[in-house]
Amino acid sequence: MGQENSLDIFLQTNALLEGHFLLTSGKHSNQYFQCAKVLQYPGYAESLCNIIAEHFQLFEIDTVIAPAIGGIVVGQEVARQLNKKSIFAERVDGHLVLRRGFEISEGEKVLVCEDVVTTGGSVFEVIDIVKEYGGEVVGVGMIVDRSNGKVKFGVSQISTLEMEAVTYEPEDCPLCKDGIPVVKPGSREIV
Ligand code: ZN
């Protein structure tokens with residue numbers, strides 16, 4: 001399955017909407033992306049995660065790790081296909097940590113999975129956790145790379161879809177200037 005087929009799945013499931021949106025950051029965009037809309041269908045999750053699993057098939061991997069919450073479904077499905085252990089890091093007081101008895105051993109080879117990467121912040125944080133435990137990050141798998149390939153993690157990385165996140169400050173928004181009503185995604189309400 002290639003990039004075009006991935007895009008079809010995102011459009012079919014309304015994970016990718018075109019219009020005029022108010023994002024949680026307060027910025028405006030002509031696109032709204034909600035990866036969970038795709039991953040709610042296990043069959044689509046399986047197909048997309050297969051692109052990641054195939055890429056890392058010949059890598060030596062002990063464990064797949066993901067940042068909560070968005071990454072968990074991806075990490076779990078990739079780990080299932082590779083038949084590896086699956087763990088996740090979650091935020092406590094704003095920092096990602098391992099809880100629930102999850103551990104990484106010295107020298108453990110770890111694949112990091114995430115649903116959406118924009119700046120890569122959560123993935124970089126997870127990479128730091130793996131290193132703190134003495135593990136080795138062997139790769140990063142993403143469902144969507146919204147940096148369009150600009151964010152580099154310094155290991156083998158793959159996404160099922162690359163796209164540019166275009167956002168505007170409300171005062172500079174060309175869609176506002178065109179008088180198009182701005183929508184808050186998920187609420188259907190016009191702001
Ligand atoms: Zn606008």
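Reading the values: the criteria
Residues numbered from 1 in each chain as written. Predicted model: local features only at pLDDT ≥ 70, side-chain atom pairs only at ≥ 80, totals over all residues. Heavy atoms only, no water. Donors = N, O, S within 2.8 Å, 3.2 Å for Na, K, Ca; no water. Tetrahedral: all angles 85-135°; square planar, octahedral: opposite > 155°, others 65-115°. Helix = DSSP H or I, 4+ residues; strand = E, 2+ residues; numbered from the N terminus. Buried < 20%, exposed > 50% of the residue type's maximum accessible area, 1.4 Å probe, protein only. Expected span 1.5 Å × (residues − 1). Arc of directions from axis to C-beta. Contact = heavy atoms within 4.5 Å. pLDDT = per-residue confidence, 0-100. Salt bridge = Lys/Arg side-chain N within 4 Å of Asp/Glu carboxyl O. Disulfide = S-S within 2.5 Å. Phe/Tyr/Trp six-rings, centres within 6.5 Å; stacked < 30°, edge-to-face > 60°. Axes fitted to C-alpha atoms, helices over the stretch in contact; angles between N-to-C directions. Parallel < 35°, antiparallel > 145°, perpendicular 65-115°, else oblique. Left-handed = near helix turned anticlockwise from the far one by under 90°. Nonpolar A, V, L, I, M, F, W, Y, C, P; charged D, E, K, R; others polar.

Asker: Please clarify how the coordination of the zinc ion should be interpreted in this entry.
Answerer: Six octahedral donors around a metal ideally subtend angles of 90 or 180 degrees, whereas four tetrahedral donors ideally subtend 109.5 degrees. On the protein side, the zinc ion has His-20 (NE2), His-28 (ND1), Cys-173 (SG) and Cys-176 (SG) as donor atoms, found 2.0 to 2.4 Å from it. For the zinc ion, the four donor atoms in the first shell make angles of 95 to 122° at the metal, a pattern classed as tetrahedral. Each donor residue of the zinc ion belongs to the same chain, and together they define the spacing H-x7-H-x144-C-x2-C. Within this pair, whereas His-20 is found in strand β1 (residues 16-22), its partner Cys-176 is found in helix α6 (residues 174-177), the two being separated by 156 residues in sequence. Look at Cys-176 and you get partly exposed, because its relative accessible area is 33%.

Asker: How do you make sense of helix α5 (residues 121-132) when you look at a structure like this?
Answerer: The periodicity of an α-helix, 3.6 residues per turn, causes residues three or four positions apart to be oriented the same way. Under the 1.5 Å per step criterion, the end-to-end length of α5 is 17 Å for 12 residues, consistent within 8% with the ideal 16 Å. Taken together, the buried positions of α5 are Val-123, Val-126, Ile-127, Ile-129 and Val-130. In a view along the axis of α5, the buried residues occupy a sector of 160°, so they form one face of it. Exposed residues on α5 whose side chains face more than 90 degrees from its buried face are Lys-131 and Glu-132. Elements in contact with the buried residues of α5: β3 (63-67), β4 (85-92), β5 (95-98), β6 (109-117) and β7 (136-145).

Asker: So what exactly am I meant to see when it comes to the confidence of the model for the chain here?
Answerer: Across the chain, the average pLDDT comes to 93, with 95% of residues at or above 70. Here helix α1 (residues 3-12) is the element of the chain with the lowest mean pLDDT, 86, and β3 is the one with the highest, 98.

Asker: So what exactly am I meant to see when it comes to the pattern of salt bridges here?
Answerer: One side chain can pair with another of opposite charge once the charged atoms of both are near each other. Tallied over the entire structure, the rule returns nine salt bridges. Two residues, Glu-108 and Lys-85, come together in a salt bridge whose shortest N-O distance is 3.3 Å. With a gap of 23 residues between them, Glu-108 in the loop between β5 and β6 and Lys-85 in strand β4 connect regions that are remote in the sequence. The buried category is assigned to Glu-108, whose relative accessible area is 9%. In this structure, the salt-bridge partner of Lys-109 is Glu-136, at a minimum N-O distance of 3.4 Å. Placement of Lys-109 in strand β6 and of Glu-136 in strand β7 is noted, with a sequence separation of 27 residues between them. Assessed through its relative accessible area of 19%, Lys-109 is described here as buried. Salt bridges sharing partners connect three or more residues here, namely Glu-46, Glu-77 and Arg-80.

Asker: Please explain the state of the cysteines as it appears in this structure.
Answerer: What we call a disulfide is simply a covalent bond connecting the sulfur atoms of a pair of cysteines. According to the stated counting rule, one finds zero disulfides in the structure shown. Counting only cysteine sulfurs, Cys-113 is the nearest neighbor of Cys-49, a cysteine outside any disulfide, at a range of 7.0 Å. Exposure remark for Cys-49: the relative accessible area of 0% places this residue in the buried category.

Asker: How should I be thinking about the environment of Phe-102 in this particular structure?
Answerer: Along the polypeptide, Phe-102 turns up in the loop between β5 and β6. In the structure, Phe-102 is positioned 13 residues away from Ala-89 in sequence and 8.6 Å away in space, judged by C-alpha atoms. Once residues within four sequence positions are removed from consideration, Phe-102 is found in contact with Ile-87 and Phe-88.

Asker: What am I meant to see in the packing of aromatic side chains here?
Answerer: Here a ring pair, both rings aromatic, is described through the centre-centre distance and the interplanar angle of the planes. One pass over the full model with this rule turns up six aromatic pairs. Arranged with centres 5.8 Å apart and planes meeting at 85°, the rings of Tyr-41 and Tyr-44 form a pair that is edge-to-face.

Asker: How do you make sense of the packing of helix α3 (residues 42-55) against helix α4 (residues 70-82) when you look at a structure like this?
Answerer: In a packed pair of helices, the relevant descriptors are the angle between the two axes and the axis-to-axis distance. Relative to each other, α3 and α4 sit at 65°, their axes nearing to 9 Å. By the angle class used here, α3 and α4 are roughly perpendicular. The interaxial crossing formed by α3 with α4 has right-handed handedness. On α4, the residues that touch Ala-45, Glu-46, Cys-49, Asn-50, Ile-52 and Ala-53 of α3 are Val-74, Glu-77, Val-78, Arg-80, Gln-81 and Leu-82. Class assignment of the residues belonging to the contact of α3 with α4 gives a composition of seven nonpolar, two polar and three charged.

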